[in-house]
Amino acid sequence: MGDTAPTPMLDIGPRIGCDVVNVVDVTRSIDLFGRRYLDRTFTSHELQTCAGPARDQRLAARFAAKEAVVKVLRPGDVPVPWNSIEITRADWGGCGVTLSGNAAELARAQDLHDFQVSISHEADVAIAMVIATRSGTRIERRTTSLMIDQAIRKVLVEHGRLAVDVSTIDGEADLYELGLTSHASVNVMLALEDSFDIEFPDELLRKSTFSSVKAIEVRWRSWVLHERSAIAVLHRDGPRARRTVGRRRCSGVGRRSRCRGKVSS
């Protein structure tokens, strides 16, 4: 059997960006370009909240946060002005992220939301980390579907022991009629768990789940979205939801985070 392409990585989880800025670089830019640099790089809110003795350190931290946001957005050749990413100051003392223009459009197009930022600085260096959530409901549907299809076919080539060229079969074709045995379907299931970092729950361990390439994709999508909904409820409703969800047997999307039984609050 010839070499096969590596299994595509599915870009469906949260995204994280991190950046470090030397404070002296910000100070030098202010000395060289003054107000032009400040107005082109920072918003009026940022300049106001950073005013004071530690201004340059605070601005450096915000620039690091902006760059971390850009890493999350992955804009490619799309222009993202620095002041279209605003690092806001919350009443409780922490920071948030507000996007506008192309930055906001990139976030919408990639289903990125709930941006969280953490910043810190010393006298000479500033650091920031940003994380954004992806709900999975609109993420690059066609591209993701193709990647899932390719990953499933790769597993079938390696473990399905089919007597046909898997790359040419229709997505609805009956895999059992094409030679998939019950024992081979177990190997396919385990290999899919490794590829997607999931664990199929007992309710999906039935013949129909592995009856076709399309059936496997549909079951995978429904389970992942189901688990994300459960996680969202946990975050939204807190301990009460954790007790409710904890009464059922649960399997996290990540195989290594599988849990059974009661979840303590």
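Please read these numbers as outputs of a predicted model, since none were measured by experiment.

Caption draft 1: Fine view of the overall build of the chain. Along the chain, the regular secondary structure elements total 9 helices and 5 strands. In the chain, buried positions account for 43% of the 265 residues. Intrachain contacts of the chain at a sequence separation of at least 6 include 60% that bridge at least 24 residues. Looking at the chain as shown, the accessible area adds up to about 14800 Å², and 53% of this sits on carbon and sulfur atoms.

Caption draft 2: Looking closely at the nonpolar core. Leu59, Leu73 and Phe115 are the most contacted members of the largest nonpolar core, which has 35 residues in total. Only helix H1 (23–33), helix H2 (35–41), helix H4 (55–73), strand E2 (85–89), strand E3 (95–99), helix H5 (101–109), strand E4 (112–121) and strand E5 (125–134) provide two or more residues apiece to this core. With 26 residues, the next largest nonpolar core counts Val155, Val166, Met189 and Val213 among its residues.

Caption draft 3: Here's a closer look at the packing of aromatic side chains. For the structure shown, the criterion picks out 2 aromatic pairs. For the ring pair Phe63 and Trp82, a centre distance of 4.7 Å and an interplane angle of 45° mean the geometry is tilted. You can see Phe63 sitting in helix H4 and its partner Trp82 sitting in the loop between H4 and E2, a full 19 residues away along the chain. Taking the relative accessible area as the measure of exposure, Trp82 reaches 26% and is therefore partly exposed. Its guanidinium or amino end placed over the ring of Tyr176, Lys207 lies 4.8 Å from that ring's centre, counting from NZ or CZ.

Caption draft 4: Spotlight on the sheet that holds strand E1 (residues 15–22). Read from one edge to the other, the open sheet built from 3 strands follows the order E1-E5-E4, with strand pairing classed as antiparallel. The open sheet has two edge strands with one neighbour each: E1 and E4. Taking the axes of each pair of neighbouring strands and ignoring which way they run, one obtains an average angle of 15° across the sheet. Where E1 and E5 come together, 8 bridges link them in antiparallel fashion. Within E5, the residue paired with Gly17 across the bridge is Val130. Contacts from H4 reach E1, E4 and E5, with the element oriented near 145° to E1.

Caption draft 5: Here's a closer look at the environment of Val21. By the secondary structure assignment, Val21 is in strand E1. Assessed through its relative accessible area of 8%, Val21 is described here as buried. For the pair Val21 and Asp124, spaced 103 residues apart in sequence, the C-alpha to C-alpha distance is 8.8 Å. Setting aside anything within four residues of it in sequence, one finds Val21 in contact with Val26, Ala60, Phe63, Ala64, Asp124, Val125 and Ala126.

Caption draft 6: Expanded view of the packing of H1 against H4. Between H1 and H4, whose axes approach to 9 Å, the crossing angle comes to 110°. In terms of axis orientation, H1 runs roughly perpendicular to H4. Here H1 contributes Val23, Val26, Thr27 and Ile30 to the contact with H4, which in turn contributes Arg55, Asp56, Gln57, Leu59 and Ala60. In terms of residue class, the contact of H1 with H4 is built from 5 nonpolar, 2 polar and 2 charged.

Caption draft 7: Focus on the state of the cysteines. Considering all chains together, one arrives at 0 disulfides under this definition. Of all cysteine sulfurs in the structure, the one in Cys50 sits closest to Cys95, which takes part in no disulfide; the separation is 8.1 Å.

Caption draft 8: Representation of the environment of Leu106 within the structure. Considering the arrangement of structural elements, one finds Leu106 in helix H5. Since its relative accessible area comes to 13%, Leu106 is described here as buried. When the C-alpha positions of Leu106 and Val80 are compared, they lie 9.3 Å apart, and in sequence the two are 26 residues distant.

Reading the values: the criteria
Sequence order as written defines the numbering, with residues in each chain counted from 1. Reporting of local features is limited, given that this is a predicted model, to residues whose pLDDT is at least 70; pairs of side-chain atoms are given and counted only at 80 or more, and all residues count toward the totals for whole chains, interfaces and linings. With hydrogens and water stripped out, all remaining heavy atoms of the structure feed into the side-chain values. Counting from the N terminus, the helices are DSSP H or I runs at least four residues long and the strands are E runs at least two residues long. For every residue, the accessible area (1.4 Å probe, protein chains only) is compared with the maximum for its type, and the residue is labelled buried under 20%, exposed over 50%, or partly exposed between those bounds. Two residues form a contact once any of their heavy atoms are found within 4.5 Å. Here the open area of atoms and residues is found with the Shrake-Rupley method and a 1.4 Å probe, where only the protein chains shown may cover a residue. Within this scheme, the nonpolar core is defined by two criteria: the residues are buried Ala, Val, Leu, Ile, Met, Phe, Trp, Tyr or Cys, and they are joined through side-chain atoms within 4.5 Å. Working definition: a ring pair exists when centres of Phe, Tyr or Trp rings (six-membered ring for Trp) sit within 6.5 Å. Plane angles under 30 degrees give stacked, over 60 give edge-to-face, the rest tilted. Working rule: Lys NZ or Arg CZ, within 6 Å of ring centre, within 35 degrees of ring normal, means a charge sits over the ring. Here a strand pair is declared whenever DSSP counts at least two bridges between the two strands. Working convention: axes come from line fits to C-alpha atoms, limited for helices to the stretch in contact. Angles between N-to-C directions cover 0 to 180 degrees. The scheme is simple: roughly parallel for angles under 35 degrees, roughly antiparallel for over 145, roughly perpendicular for 65 to 115, oblique for anything else. Think of it as three bins: nonpolar holds Ala, Val, Leu, Ile, Met, Phe, Trp, Tyr, Cys and Pro, charged holds Asp, Glu, Lys and Arg, and polar takes everything else, Gly as well. By convention in this document, the label disulfide applies to cysteine sulfur atom pairs within 2.5 Å.

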